Amino acid sequence: MTQSTGKTNLLGLTQEELEQFFEQIGEKRFRAGQIMKWIHHFGVDDFDAMTNIGKALREKLKASAEIRGPEVVSEDISSDGTRKWVVRVASGSCVETVYIPQGSRGTLCVSSQAGCALDCSFCSTGKQGFNSDLTAAEIIGQVWIANKSFGTIPAKIDRAITNVVMMGMGEPLLNFDNVVAAMKIMMDDLGYGISKRKVTLSTSGVVPMIDKLAEVIDVSLALSLHAPNDELRNKLVPINKKYPLEMLLAACKRYISRLGEKRVLTIEYTLLKDVNDTPQHADEMIALLKDVPCKINLIPFNPFPHSGYERPSNNAIRRFQDLLHKAGHNVTVRTTRGEDIDAACGQLVGQVMDRTRRSERYIAVRQLNSETDAASSAANRT
Ligand code: SF4
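Only a predicted model underlies this, so the values are computations on that prediction, with no experimental measurement involved.

1. Some thoughts on the side chain of Ser224
Here is step 1: Note on placement: Ser224 falls in strand β11 (residues 220-224).
Here is step 2: For Ser224, a relative accessible area of 3% translates into the label buried.
Here is step 3: Reaching out from Ser224, the side chain makes a polar contact with the side chain of Ser202 at a distance of 3.4 Å.

Below, the structure written as structure tokens:
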């Protein structure tokens, strides 16, 4: 576990919170902008490197504040340019962050929790159980670490990270305040300046928090649907028993209509062989989404040991896509990236500290998998 220093970690503070911080220590609010640029544009964590801050203030800051991201355990680069970081958070667990370059776009997939309590049946993150919410500093810290690894240039052009998806480990709406604070920093010009359309929160369907989200921030929304009817979704995504499809889609429609303009919902649908990939499921999905402005992202399942699920054949994937497409939907099939570094969609595992034995040892999911199955670890997370 990371030791607390008792100092205020400025990394996770929004501009407004930083202004309040400076007021509280008897300094001018404009200092917030200066510090944010040093932290997020230049990746600086040493107050002495901040050349436009006087020595007296630097000393004051050193006494009461710090800039501390999560500890980087590893960084891997795939042959296709995908990168993956494993970072250790204060609870002692590890989470993963993945960068996927594609043409002029670079998407960073960020985790919001260590483990997850929602236990979706096809998801390895869920199988680890829940360990901890990440702090705002640990969430934005993943962007900070990735940005630094590309060389931090504040210019608006040639930016490596153009898009962020809150689609890594965890259910972001169950760590609401910290996720919202981190997304504000992502979109702030003094932070990473990413447009609201290019910051996407993906949820499995925590209905009350979808409404709350619309009240506090304007970001794109993705729904992890995975099933076109309640009976099947109750099995695959158990939170559906609490917030069934009718209620969920109504909340999603309210969310995107509040945003105005021509915003659409992204539907994430993991295709599981003979479970949710038949023409009948496609027809049900067409009926379900008939008045939902959306684009659909199909994700062929990435198998992992003992999951009990299989990836559909390419023919079955194409057939499913064609049926949706003929009904007028914008449908893409997610291609697998970063497989050689276990960074493909659904392969985010991390290392979640066992809540019942947290002082004794970690559960190393990769080790467990290799011991029991002699296979590489993999998991499904969408
Ligand atoms: S799919 Fe998402 S919400 Fe479901 S268990 Fe996995 S991380 Fe949690």
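After that view of the structure, there is still more to cover.
2. Some remarks on the sheet that holds strand β4 (residues 83-88)
Here is step 1: As summarised here, the arrangement of the 10 strands in space is β3-β4-β5-β6-β9-β10-β11-β12-β13-β14, forming an open sheet in which the pairing is mixed. Here the strands that pair on one side only, and so sit at the sheet edges, are β3 (71-77) and β14 (330-333). Averaged over all adjacent pairs, the angle separating strand axes in this sheet is 20 degrees, with direction ignored.
Here is step 2: Looking at chain direction, β4 and strand β5 (residues 94-102) are connected through 6 bridges and run antiparallel.

3. So, the packing of helix α5 (residues 136-149) against helix α6 (residues 176-187)
Here is step 1: Between α5 and α6, whose axes approach to 8 Å, the crossing angle comes to 35 degrees. Where α5 crosses over α6, the handedness of that crossing is right-handed. Facing Ala136, Ile139, Ile140 and Val143 of α5, the residues of α6 in contact are Asn178, Val179, Ala181, Ala182, Ile185 and Met186.
Here is step 2: Across the contact of α5 with α6, the residue classes tally to 9 nonpolar, 1 polar and no charged.

4. What to know about helix α2 (residues 31-41)
Here is step 1: α2 sits mainly inside the fold: 10 of its 11 residues count as buried.
Here is step 2: Residues Arg31, Ala32, Gly33, Gln34, Ile35, Met36, Trp38, Ile39, His40 and His41 constitute the buried set of α2.
Here is step 3: Those residues of α2 that are buried lie in contact with α1 (15-24), α3 (55-64), α5 and α6.
Here is step 4: Directly after α2, the chain includes Gly43, whose backbone phi takes a positive value near 65 degrees.

5. Here we look at the environment of Ile210
Here is step 1: Take Ile210: it is sitting in helix α7 (residues 207-216).
Here is step 2: With relative accessibility at 0%, the residue Ile210 sits in the buried group.
Here is step 3: Sequence separation of Ile210 and Arg254 is 44 residues, and the distance between their C-alpha atoms is 8.9 Å.

6. A short note on the pattern of salt bridges
Here is step 1: Under the defined criterion, the tally for this structure stands at 17 salt bridges.
Here is step 2: Between Arg68 and Glu66 there is a salt bridge whose closest N-O contact spans 3.3 Å.
Here is step 3: Put simply, Arg263 and Asp218 hold a salt bridge, and the shortest N to O gap is 2.9 Å. Within this pair, whereas Arg263 is found in the loop between α9 (245-259) and β12 (265-271), its partner Asp218 is found in the loop between α7 and β11, the two being separated by 45 residues in sequence.
Here is step 4: Judged by its relative accessible area of 7%, Arg263 falls in the buried class.
Here is step 5: In the salt-bridge network here, residues are joined through shared partners; they are Asp48, Lys55, Arg58, Glu59 and Lys62.

7. With respect to the pairing of β5
Here is step 1: The antiparallel pairing of β4 with β5 creates a hairpin that spans 5 residues between the two strands, and Gly92 there sits at a positive phi of about 100 degrees.
Here is step 2: When β5 meets strand β6 (residues 105-109), the two strands line up antiparallel, connected through 5 bridges. Along β6, the bridge assignment pairs Tyr99 with Leu108.
Here is step 3: Taking the residues between adjacent antiparallel strands as the criterion, β5 and β6 are bridged by 2 residues, where Gly103 takes a positive phi near 60 degrees.

About the cut-offs
Residues numbered from 1 in each chain as written. Predicted model: local features only at pLDDT ≥ 70, side-chain atom pairs only at ≥ 80, totals over all residues. Heavy atoms only, no water. Helix = DSSP H or I, 4+ residues; strand = E, 2+ residues; numbered from the N terminus. Buried < 20%, exposed > 50% of the residue type's maximum accessible area, 1.4 Å probe, protein only. Polar contact = N/O pair within 3.5 Å; in protein donor to acceptor, adjacent residues only side chain to side chain. Pairing = 2+ DSSP bridges. Axes fitted to C-alpha atoms, helices over the stretch in contact; angles between N-to-C directions. Left-handed = near helix turned anticlockwise from the far one by under 90°. Contact = heavy atoms within 4.5 Å. Nonpolar A, V, L, I, M, F, W, Y, C, P; charged D, E, K, R; others polar. Salt bridge = Lys/Arg side-chain N within 4 Å of Asp/Glu carboxyl O.

In short, the description is geometric, and any link to function would need to be established separately.
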